[in-house]
Amino acid sequence: MAQIRTYTEEDYYNLPEDIRAELVNGQLYYMAAPSRIHQKILNFLNTEINLYIRSKKGSCEVYPAPFAVRLFADDDKTVVEPDISVICDLDKLTDRGCTGAPDWVIEIVSPSTSSHDYVRKLNLYMDAGVREYWIVDPQKTSVYVYHLEETKFETAAYTFRDRIKANIYDDLWIDFHGFEG
């Protein structure tokens, strides 16, 4: 019987620079280059969040992909690259990225990664204690917001015609209606 190789954080960081991948439970998941619409949404959200934090003189920091997040400090077999990571505990930041759960993660779904984002990463982020997780689906023009309450995510569904409240802030609303795809 063939044995499956288990990879570690060291293997992840030794990948060639032109290879994008995530490490989940010791398995590498390779990622294709993002589409133009993916990058347009990423730029829109990253700008909106940064402008909000700057206007409030907030201490949280926003990092778009590629940005390595080691979700669990004691686990060297899981390193993900969320499309957007918002980190409010700056002690989690390292020269390599973030160690520990970001406060808010946004993933923009690509057809090839949808089950990875909707299932595998949803459970990972919940287990790690990510306070808020958004899945943005350009093909369906939908946004699923998962907000951690106690030990489980509360879920709400929106479209690109909606204003969506970021639950980790009191007064941040992202107006997807203003997004020009």
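Since the structure is predicted, the reported quantities are computational estimates derived from the model, not experimental observations. (Residues numbered from 1 in each chain as written. Predicted model: local features only at pLDDT ≥ 70, side-chain atom pairs only at ≥ 80, totals over all residues. Heavy atoms only, no water.)

1. Digging into the pairing of strand E9 (residues 132-137)
Then comes step 1: Taken across its six residues, E9 has six buried, putting it largely inside the fold.
Then comes step 2: Alternating positions in E9 separate into two faces, Glu132, Trp134 and Val136 on one and Tyr133, Ile135 and Asp137 on the other, with burial throughout.
Then comes step 3: Judged from the five bridges that link them, strand E8 (residues 104-108) and E9 form a sheet pairing that is parallel. Bridging from a neighbouring strand, isoleucine 106 pairs with tryptophan 134 of E9.
Then comes step 4: The parallel pair E8 and E9 is bridged by helix H3 (residues 114-128), and the resulting crossover is right-handed.
Then comes step 5: Pairing of E9 with strand E10 (residues 142-149) involves six bridges; the strand directions are antiparallel. (Buried < 20%, exposed > 50% of the residue type's maximum accessible area, 1.4 Å probe, protein only. Helix = DSSP H or I, 4+ residues; strand = E, 2+ residues; numbered from the N terminus. Pairing = 2+ DSSP bridges. Right-handed = clockwise from strand over helix to strand, strands pointing away.)

2. What to know about the nonpolar core
Then comes step 1: In this structure, Trp104, Trp134 and Tyr169 are the most contacted members of the largest nonpolar core, which totals 27 residues.
Then comes step 2: The set of elements that each furnish at least two residues to this core consists of helix H2 (36-55), strand E5 (84-87), E8, E9 and E10.
Then comes step 3: Of all the elements, H2 adds the most residues to this core, at seven residues.
Then comes step 4: With residues near it in sequence (within four places) discarded, tryptophan 134 still touches Trp104, Val105, Ile106, Glu107, Val143, Tyr144, Val145, Ile164, Lys165, Ala166, Ile174 and Phe176. (Core = buried A, V, L, I, M, F, W, Y, C linked by side-chain atoms within 4.5 Å. Contact = heavy atoms within 4.5 Å.)

3. Some words on the packing of aromatic side chains
Then comes step 1: In this structure the tally under the stated criterion is eight aromatic pairs.
Then comes step 2: Each ring, one from tryptophan 104 and one from tryptophan 134, has its centre 5.0 Å from the other, and the planes form 65°; the classification is edge-to-face. Here the residue tryptophan 104 occupies a position in strand E8, and tryptophan 134 occupies one in strand E9, the gap between them amounting to 30 residues. For the pair tryptophan 104 and tryptophan 134, a shared accessibility class is recorded, and that class is buried.
Then comes step 3: Three or more aromatic residues joined by ring pairs form one cluster here, namely Phe44, Phe160 and Phe176.
Then comes step 4: Above the ring of tyrosine 13, the side-chain terminus of arginine 96 is found at 3.8 Å from the ring centroid. (Phe/Tyr/Trp six-rings, centres within 6.5 Å; stacked < 30°, edge-to-face > 60°. Lys NZ or Arg CZ within 6 Å of the ring centre and 35° of its normal.)

4. Observations regarding unusual backbone geometry
Then comes step 1: The omega torsion of the bond from alanine 65 to proline 66 falls at 0°, within 30 degrees of zero and hence cis.
Then comes step 2: Tracing the sequence through the fold places proline 66 in the loop between strand E3 (61-64) and strand E4 (68-70).
Then comes step 3: In this model, asparagine 25 sits at a positive phi of 50°, which is unusual for a non-glycine residue.
Then comes step 4: Examined against the element boundaries, asparagine 25 turns out to sit in the loop between strand E1 (21-24) and strand E2 (27-30).

5. A few points about the environment of alanine 157
Then comes step 1: Within the element layout of this structure, alanine 157 appears in strand E11 (residues 152-159).
Then comes step 2: Along the sequence, alanine 157 and tyrosine 146 sit eleven residues apart, while their C-alpha atoms lie 9.0 Å from each other.
Then comes step 3: Excluding anything up to four places from it in sequence, alanine 157 contacts Val143 and Tyr144.

6. Brief notes about the side chain of histidine 38
Then comes step 1: Mapped onto the elements of the fold, histidine 38 is located in helix H2.
Then comes step 2: With near-sequence residues (within four places) excluded, histidine 38 lies in contact with Asp83, Ile108 and Ser110.

7. Points about the state of the cysteines
Then comes step 1: Enumeration over the complete set of coordinates arrives at one disulfide.
Then comes step 2: Linked covalently through their sulfurs, cysteine 60 and cysteine 88 form a disulfide whose S-S length is 2.0 Å. Taking the sign of the S-S torsion, 105° for the link of cysteine 60 and cysteine 88, the bridge is right-handed. Remark: cysteine 88 occurs in the loop between E5 and strand E6 (93-94) and cysteine 60 occurs in the loop between H2 and E3; sequence separation between them is 28 residues.
Then comes step 3: Judged by relative accessible area, cysteine 88 falls into the partly exposed class, the value being 24%.
Then comes step 4: Note on cysteine 98: no disulfide assigned, nearest cysteine sulfur contributed by cysteine 88 at a separation of 10 Å. (Disulfide = S-S within 2.5 Å.)

8. Here's the deal with the pattern of salt bridges
Then comes step 1: As enumerated under the stated definition, the model contains eight salt bridges in all.
Then comes step 2: One salt bridge in this structure joins arginine 5 and aspartate 11, with 3.3 Å as the shortest N-O distance.
Then comes step 3: A residue is classified by how much of its surface remains accessible, and arginine 5, at 49% relative accessible area, is partly exposed.
Then comes step 4: Owing to a relative accessible area of 22%, aspartate 11 belongs among the partly exposed residues under this scheme.
Then comes step 5: Taken together, the shared-partner salt bridges connect Glu22, Glu107 and Lys121 into one network. (Salt bridge = Lys/Arg side-chain N within 4 Å of Asp/Glu carboxyl O.)

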